[in-house]
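# Commentary on secondary and tertiary structure
The lines below spell out each chain.
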Amino acid sequence: MATKIRLQRFGKKGKPFFHVVVADSRSPRDGKFIERLGSYNPNTNPATIEINFDKTLDWVNKGAEPTDTCRAILSYKGVLYKKHLQGGVKKGALTEEQAEAKFAAWLVGKDGQIEGKKDNLTKSKEEVKKTALAAEAKKNADRAAALAIKNAPVAEEVVEEEVATEEVAEETPATEEAPAAEENKEEQA
């Protein structure tokens, strides 16, 4: 019987959630399976992967073929690297201690990458919040300035109307005097 390590879909439309299972290659995707190895949730960032490492390694060593997506998941968690190191031990290229040391160093590096990604995501979220707050503060200041301008011209218009009426009153006698002065000039000529 050919066995595959593959994903079994759960969750609602648009929000998938997967179980990582070992199943007969002839059974349907969401059908009968032999053993559940873990879960995979792509909705979170970074994706949440929970795998029973020892069971999965045992199935891979027995010859269960992972699908492309499961191969990527198992590689991400280090199952395939551990199998690779065990092959080196069997061939005599490495000792068991060297293989364990290499795998431990790989795990530390991988955990550092994951933590770095989480830190970058939280920093970017904080930067987005700061940018949004600054934009909101600027928008509020613009609104306050627009409101002040809107309220201020009402008082200035009244003052401008009074000044305009005073100017009209002052200009009226000057215009009356000007024709009289012109008449005087004509008489003298």
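Heads up: these notes are all about the structure in this document.

## With respect to the packing of aromatic side chains
- Counted according to the given criterion, the structure contains five aromatic pairs.
- Between the aromatic rings of Phe53 and Phe103, the centroid separation amounts to 5.7 Å while the plane-to-plane angle is 45°, which identifies the pairing as tilted. Highlighted residues: Phe53 in helix H1 (residues 53-62) and Phe103 in helix H4 (residues 96-188), separated in sequence by 50 residues.
- Given a relative accessible area of 8%, Phe103 falls into the buried group.
- An aromatic cluster is present here, built from Phe53, Tyr81, Phe103 and Trp106 joined pairwise through their rings.

## Some details on the sheet that holds strand S5 (residues 65-66)
- Ordered by their spatial adjacency, five strands build an open sheet running S4-S3-S2-S1-S5, and the pairing between neighbours is mixed. Each of the sheet's edge strands pairs with one partner strand only, and the pair in question is strand S4 (48-51) and S5.
- Both strand S3 (residues 35-41) and S4 contribute to a ladder of four bridges, which runs antiparallel. Counted as the bridge partner of Ser39 is Glu50 from S4.
- Here H1 sits on the sheet and contacts strand S1 (3-12), strand S2 (15-24), S3 and S4; the angle it forms with S3, its principal contact strand, is near 115°.

## Here's the deal with the nonpolar core
- Counting 17 residues, the largest nonpolar core has Ile5, Leu7, Val20 and Tyr40 as the members making the most contacts within it.
- The set of elements that each furnish at least two residues to this core consists of S1, S2, S3, S4, H1 and helix H2 (68-77).
- Setting aside residues no more than four positions away along its own chain, Ile5 makes contact with Val20, Val21, Val22, Leu37, Trp59, Val60, Ala64, Glu65, Pro66, Thr67, Cys70 and Leu74.

## Brief notes about the packing of H1 against helix H3 (residues 79-91)
- Contact geometry for H1 and H3: axes closest at 10 Å, N-to-C directions at 55°. The angle between H1 and H3 places the two elements in the oblique class. Classified by chirality, the crossing of H3 by H1 is right-handed. On the side of H1, the interface is formed by Phe53, Thr56, Leu57, Val60 and Asn61, while H3 contributes Val79, Leu80, Lys82, Lys83 and Gln86.
- Across the contact of H1 with H3, the residue classes tally to five nonpolar, three polar and two charged.

Thresholds, definitions, all that
- Residues numbered from 1 in each chain as written.
- Predicted model: local features only at pLDDT ≥ 70, side-chain atom pairs only at ≥ 80, totals over all residues.
- Heavy atoms only, no water.
- Phe/Tyr/Trp six-rings, centres within 6.5 Å; stacked < 30°, edge-to-face > 60°.
- Helix = DSSP H or I, 4+ residues; strand = E, 2+ residues; numbered from the N terminus.
- Buried < 20%, exposed > 50% of the residue type's maximum accessible area, 1.4 Å probe, protein only.
- Pairing = 2+ DSSP bridges.
- Contact = heavy atoms within 4.5 Å.
- Axes fitted to C-alpha atoms, helices over the stretch in contact; angles between N-to-C directions.
- Core = buried A, V, L, I, M, F, W, Y, C linked by side-chain atoms within 4.5 Å.
- Parallel < 35°, antiparallel > 145°, perpendicular 65-115°, else oblique.
- Left-handed = near helix turned anticlockwise from the far one by under 90°.
- Nonpolar A, V, L, I, M, F, W, Y, C, P; charged D, E, K, R; others polar.

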